[in-house]
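Here is how the chains run, residue by residue.
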Amino acid sequence: MDITVRRALPPEITDAVIDFLHDTPAALYSSSLVQRSWRARAQRLIYAKIVLRDRQAYASLHRLLHHSRAFLTKQCRRTTRLEITDDPDHPYAHAFLLAFRNLFPALTALAFRGVRWGFLHPTPVLLECMASTFHSVTKLELHACAFRRFRDFARTVCALRSLRDLALVRTSLGRASLHASATLGTDLRLRCVRAGHLASDGSLAELLYWLLASPSAKARSIQVLEVDPRDLMSGASFHGPLQALLWQLGPSLTKLEIPLMPRGAHCPSS
């Protein structure tokens, strides 16, 4: 770049340009190569959101961890959102949790997609790893995930002690468990629960029973509850736990949302 151009652009302008590219990793990468003064700003934004879409992306990040651990550790301190899409043929989500332990102190949002938690059994070691690595996570999204037992789901969620916002989309919560309440964390205070079309019958009722027994309901911290209408029409008994939960929350619940069915959608027959 010509020296006159560099002088014509004050740092405030170049920072604004780089910030505008925050959701375009390729452009941020190119910006980091323009000149040294741009590098720090661009790299900070590159690692603010880490998205692993396949095992190859995980392997690349793991190689960077192995060869440049100090550099990656520094960059991961700025990461606020992490998204992991697991590989159905060669799962790697469990390996990521162990390999990148304690590298995300500023992480606040975590999203898992397609993780088969039936094969990723939440052992005490794995749960402790999640608790230490994701101790600052306040928002958890589970998209098209599957748990073997509801108890495994409850234990996984309770490992995130700072969790406030829980979103479930097309996720199977597994077999019902009579002892799910025994795994509840006393520090968990959910404020927002969004259940978007759970992937198995009875999951909504089990989820509502779990919330009713949780410290979140007893402390009346839940302010937003969203339920998919298709789960209400699944034929499973949800009226009892829903009524009890609403009664327990009382005026602390400021928003109850049941979106309209999409045009052309069909409810499952009971």
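Everything discussed here concerns the structure shown above.
From a predicted model like this one, the values you see are computed outputs, not experimental measurements.

(A) Molecular detail of the overall build of the chain. Scanning the chain from N- to C-terminus turns up 13 helices and eight strands. By the burial criterion, 43% of the 270 residues in the chain qualify as buried. Considering only residue pairs separated by 6 or more positions, the chain has 84% of its internal contacts joining residues 24 or more positions apart. Within the structure as shown, the chain displays about 14,300 Å² of accessible surface, and the carbon and sulfur contribution to it stands at 55%.

(B) Focus on helix α13 (residues 239-249). Listed as buried for α13 are P241, L242, L245 and L249. Each buried residue of α13 sits inside an arc of 100 degrees when the element is viewed along its axis, so together they form one side. Exposed and facing more than 90 degrees away from the buried side of α13 are H239, Q243 and W247. Among the structural elements, α10 (203-213), α11 (215-218) and β7 (224-227) are those in contact with the buried residues of α13.

(C) Spotlight on empty space enclosed by the protein. Using the criterion set out here, one finds two cavities of 30 Å³ or more in the structure. In this structure, the second largest cavity encloses a volume near 30 Å³. Together, D86, D87, P88, P91, G114 and R116 line the second largest cavity. Taken together, the residues that form the lining of the second largest cavity break down as two nonpolar, one polar and three charged.

(D) Fine view of the sheet that holds strand β2 (residues 81-85). In space, the eight strands of this open sheet follow the order β1-β2-β3-β4-β5-β6-β7-β8, with parallel pairing throughout. With partners counted over all chains shown, the strands left at the sheet margins are β1 (49-52) and β8 (255-257), one partner each. On average, each strand axis in the sheet is inclined to that of its neighbour by 5 degrees, with strand direction left out of account. Of the strand pairs in this sheet, strand β3 (residues 109-113) and strand β4 (residues 139-143) are connected by five bridges, and their pairing is parallel. In the sheet register, L110 faces β4, and the bridge partner there is L140.

(E) Spatial organisation of the pairing of strand β5 (residues 165-169). Burial analysis of β5 places four of its five residues in the buried class, the great majority of the element. Alignment of β4 against β5, held across five bridges, turns out to be parallel. The residue bridging K139 from the neighbouring strand is D165, located in β5. Running through helix α9 (residues 150-158), the crossover from β4 to the neighbouring parallel element β5 is right-handed.

(F) Highlighting the packing of aromatic side chains. Per the counting criterion, the structure on display carries nine aromatic pairs. When the ring of Y58 is compared with that of F100, the centres are 6.3 Å apart and the planes differ by 65 degrees; the resulting orientation is edge-to-face. Within this pair, whereas Y58 is found in helix α5 (residues 55-67), its partner F100 is found in the loop between α7 (93-99) and β3, the two being separated by 42 residues in sequence. A single burial state applies to Y58 and to F100, both of which are buried. Each residue in the set Y58, Y92, F96, F100 and F104 is aromatic and connected to the rest through ring pairs, giving one cluster.

Cut-offs applied
- Residues numbered from 1 in each chain as written.
- Predicted model: local features only at pLDDT ≥ 70, side-chain atom pairs only at ≥ 80, totals over all residues.
- Heavy atoms only, no water.
- Helix = DSSP H or I, 4+ residues; strand = E, 2+ residues; numbered from the N terminus.
- Buried < 20%, exposed > 50% of the residue type's maximum accessible area, 1.4 Å probe, protein only.
- Contact = heavy atoms within 4.5 Å.
- Areas by Shrake-Rupley, 256 points an atom, 1.4 Å probe, with all protein chains shown as cover.
- Arc of directions from axis to C-beta.
- 1 Å grid on protein atoms, 1.4 Å probe; cavity = no way out; pocket = protein on both sides within 12 Å on 5 of 7 lines; lining within 4 Å.
- Points joined across faces, edges and corners; volume = space filled by probe spheres on them.
- Nonpolar A, V, L, I, M, F, W, Y, C, P; charged D, E, K, R; others polar.
- Pairing = 2+ DSSP bridges.
- Axes fitted to C-alpha atoms, helices over the stretch in contact; angles between N-to-C directions.
- Right-handed = clockwise from strand over helix to strand, strands pointing away.
- Phe/Tyr/Trp six-rings, centres within 6.5 Å; stacked < 30°, edge-to-face > 60°.

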